[in-house]
Amino acid sequence: MIRNHTFEPRAGKAQLFFAICYSLIVLISALMAIYVKVELNGQPYMQYFMAALFALLAFKSFYLYKRSKTLIAQGVRSTAEFLSCESVRGITIVRARVDIPDYGPVEVEQRLAGVRLAVDINAFLKEHHQRELPCIIIAGSTRHPRAMLTVATDHGVLKPESIALPQQQEPALPSGQ
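Rules and cut-offs
Residue positions are given per chain, counted from 1 along the sequence in the order it is written. Since the coordinates come from a predicted model, pLDDT governs what is reported: local features require at least 70, and pairs of side-chain atoms require 80 or more to be given and counted, while whole-chain, interface and lining totals use all residues. Excluded from the side-chain calculation are hydrogens and water; included are all heavy atoms of the structure. Counting from the N terminus, the helices are DSSP H or I runs at least four residues long and the strands are E runs at least two residues long. Only protein chains enter the accessibility calculation, which uses a 1.4 Å probe. A residue is then buried if its area is under 20% of the maximum for its type, exposed if over 50%, and partly exposed in between. Whether two residues are in contact is decided by their heavy atoms, any of which lying within 4.5 Å being enough. The working definition used for a salt bridge is a side-chain nitrogen of Lys or Arg within 4 Å of a carboxyl oxygen of Asp or Glu.

Student: Please provide a residue-by-residue account of the environment of Phe-62, values included.
Tutor: Locating Phe-62 in the fold gives a position in helix 3 (residues 45–73). Residue classification places Phe-62 among the partly exposed positions, given a relative accessible area of 36%. Distance in space between the C-alpha atoms of Phe-62 and Ile-28 is 19 Å, their sequence separation being 34 residues. Other than its neighbours up to four places away in sequence, Phe-62 contacts Leu-16, Ala-19 and Ser-23.

Student: Break down the pattern of salt bridges for me, citing the residues and quoting the values.
Tutor: Between side chains of opposite charge, a pair can form when the charged atoms approach closely. All chains considered together, the criterion is met by seven salt bridges. Here Glu-8 and Arg-10 are joined by a salt bridge, their closest N and O atoms 2.8 Å apart. Since its relative accessible area comes to 24%, Glu-8 is described here as partly exposed. In this structure, the salt-bridge partner of Arg-111 is Glu-109, at a minimum N-O distance of 3.1 Å. Classification of Arg-111 as partly exposed rests on a relative accessible area of 35%. Connected via shared salt-bridge partners are Glu-86, Arg-95, Glu-109 and Arg-111.

In short, shape yes, function no, at least from these values alone.
Written out as structure tokens, the structure is:
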């Protein structure tokens, strides 16, 4: 059940990569069609078919990338109840439960690279007496809502501002102080 309700934004980024690759294949197929038509005086039906097929795949991948970006932008910021944070074979897995209005509680997880992050996250939560994590509810009004935790890292180091709840963040000092 955990994976069914976890929104994974990396899937959108992967779709962007595939869309670029498919677009390059469309370009190569079009160039091959021109070569067959002009140099060989043949009918480039196979090249047309390949160009059309990969253009369709590129369109689909660009659409999925755009859709994932839109879902994140339209997501509702909320908090999730912290359940666990553990390291397994070099990956830190953070689990939390979020209550989605008109749907009920769902469990979500986030996977982060690095073993040290589990220690850092648990220490931060204990130090700040925090039992909740910031999250985004995505497509909350649909039949199958999803959520994602917003814990972030920078080169394997936890960003404390990403895990702190908005009311706990310290105000920034004016410049020059």
